[in-house]
Amino acid sequence: MYNKLQYISQGNTIEKQLYNIQQALDAGCDWIQMRFKNQSAKDTFALAEAVKFLCEEYLANFIVNDDLHLAELISADGVHLGLTDMKIEEARTILGNTKIIGGTANTFEDIQNHIKNGADYIGLGPFRFTDTKGKLSPILGLSGYFEILQKMKKNNITIPVFAIGGITVKDVNPLMETGIYGIAVSGLITESDEKEKLIQQLNEKLYANIIV
Ligand SMILES: Cc1ncc(COP(=O)(O)OP(=O)(O)O)c(N)n1
Ligand SMILES: Cc1ncsc1CCOP(=O)(O)O
Ligand SMILES: [Mg+2]
C-alpha cells in the first residue's frame, strides 16, 4: 500500500531541489514527487538521476511529475499526470502494470475516467488557494471533498485519493474524515524549519486510525 504522505519537490535550480528533497528525506518523508517545471531537458535529467539515487539510498518511493518518458528512462517508481498531461491510458500502455501512475482530479467524473484508464491513485484538488501552482482548477474546500468522496462511496469506487493544495497541519483531521487516503504537500514541508517534527505530526494524524 502507498504511504499516506507525498512530498512534492520545489526549487528553481538543481541544487535547491536536491537540498529540499534531501531535507524531506532526512526528516522522514518516504515518498517524493519530483516537480521541476520549465527547465532544460539536460538539467531535468541530471536532477532526476540524482533524486533516483537519493531515494534508493533512503528506500523512498520516487515518482516524476508530468514527464512519463523521463520516468521510464531513469526507471523511477512512477509518474504523476495532470488533466492536460499525457493521457493515463497511453501512459499505462507504455509503463506497464508495475509502475505507479497518479492522476489529477478536480471532479467525481475525473476520478471515474482515471480509474477506467488505469490510474493507481488520485491527486484531488486544489483544497484551497496556493502559490505553488498557477492556473488552479476550482477550489474544492472541505465540502467539495466531502461531496466527491460520498459519491465514490455510493458508487462503490475505491482508489487511494490524496488531497492537495495549500494543506496545513490543522487541515489533516477534517480532510481524513471526508474519506481521503492521504495528502500531497509541497510548501508546508519545504518552508518548515522543523521538518522532522512536522512530518511526525502529519504521519500521526494520517495513520491515527490504522491498526498494525
Ligand atoms: C499528487 C498530485 N496531485 C495533483 C498534482 C497536480 O498535477 P497537475 O495538475 O498536472 O499540475 P502540475 O503539478 O503538473 O503543475 C500533482 N502534481 N500531484
Ligand atoms: C501541484 C499542485 N496541484 C494542485 S495544488 C498544487 C500545489 C501543492 O502545493 P502546496 O502544498 O505548496 O500548496
Ligand atoms: Mg502536470
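Whatever comes next refers back to the structure up there.
Let me begin by describing the structure that accompanies this report. Values in this document were obtained by computation on a predicted structure and should not be read as measured data.

With respect to the pattern of salt bridges
Argument step 1. Evaluation of the coordinates by the stated rule reveals five salt bridges.
Argument step 2. One salt bridge connects Lys37 with Asp66, and the closest N-O pair in it is separated by 2.4 Å. Taken together, the residues span a long stretch of sequence, with Lys37 in the loop between β2 (31-34) and α2 (41-57) and Asp66 in the loop between β3 (61-65) and α3 (68-73) at a distance of 29 residues.
Argument step 3. Owing to a relative accessible area of 25%, Asp66 belongs among the partly exposed residues under this scheme.
Argument step 4. In this structure, Asp171 engages Arg128 in a salt bridge whose closest nitrogen and oxygen atoms are separated by 2.7 Å. You can see Asp171 sitting in the loop between β7 (161-164) and α7 (172-177) and its partner Arg128 sitting in the loop between β6 (121-124) and α6 (141-154), a full 43 residues away along the chain.

Topic: the coordination of the magnesium ion (ligand 3)
By definition of the ideal shapes, four donors in a tetrahedron about a metal sit 109.5 degrees apart, and six donors in an octahedron sit 90 or 180 degrees apart.
Argument step 1. Asp66 (OD) and Asp85 (OD) make up the full set of protein donors to the magnesium ion (ligand 3), lying at 1.9 to 2.2 Å. Placement of the pair is Asp66 in the loop between β3 and α3 and Asp85 in the loop between β4 (78-81) and α4 (88-95), with a sequence separation of 19 residues.

Looking at unusual backbone geometry
Argument step 1. A cis amide bond links Gly125 to the next residue, Pro126, at an omega of 5 degrees.
Argument step 2. Mapping Pro126 onto the fold places it in the loop between β6 and α6.
Argument step 3. In the Ramachandran plot, Ser75 falls in the positive-phi region, its phi being about 55 degrees despite a non-glycine side chain.
Argument step 4. Secondary-structure assignment places Ser75 in the loop between α3 and β4.
Argument step 5. Assessed through its relative accessible area of 40%, Ser75 is described here as partly exposed.
Argument step 6. Its identity as a non-glycine residue notwithstanding, Lys135 has a phi of 45 degrees, on the positive side.
Argument step 7. Relative to the elements of secondary structure, Lys135 occurs in the loop between β6 and α6.
Argument step 8. Classification of Lys135 by relative accessible area gives exposed; the value is 86%.

Focus on the environment of Val161
Argument step 1. Relative to the helices and strands, Val161 resides in strand β7.
Argument step 2. The class for Val161 is buried, based on a relative accessible area of 1%.
Argument step 3. Between the C-alpha atom of Val161 and that of Ala48, which follows or precedes it by 113 residues, the distance is 25 Å.
Argument step 4. Not counting residues within four places of it along the chain, the set of residues in contact with Val161 comprises Ile122, Leu124, Leu149, Met152, Ile180, Tyr181 and Gly182.

Reading the values: the criteria
- Residues numbered from 1 in each chain as written.
- Chains lettered and ligands numbered in written order.
- Predicted model: local features only at pLDDT ≥ 70, side-chain atom pairs only at ≥ 80, totals over all residues.
- Heavy atoms only, no water.
- Salt bridge = Lys/Arg side-chain N within 4 Å of Asp/Glu carboxyl O.
- Helix = DSSP H or I, 4+ residues; strand = E, 2+ residues; numbered from the N terminus.
- Buried < 20%, exposed > 50% of the residue type's maximum accessible area, 1.4 Å probe, protein only.
- Donors = N, O, S within 2.8 Å, 3.2 Å for Na, K, Ca; no water.
- Contact = heavy atoms within 4.5 Å.

None of the figures reported here should be taken as evidence of function without further support.
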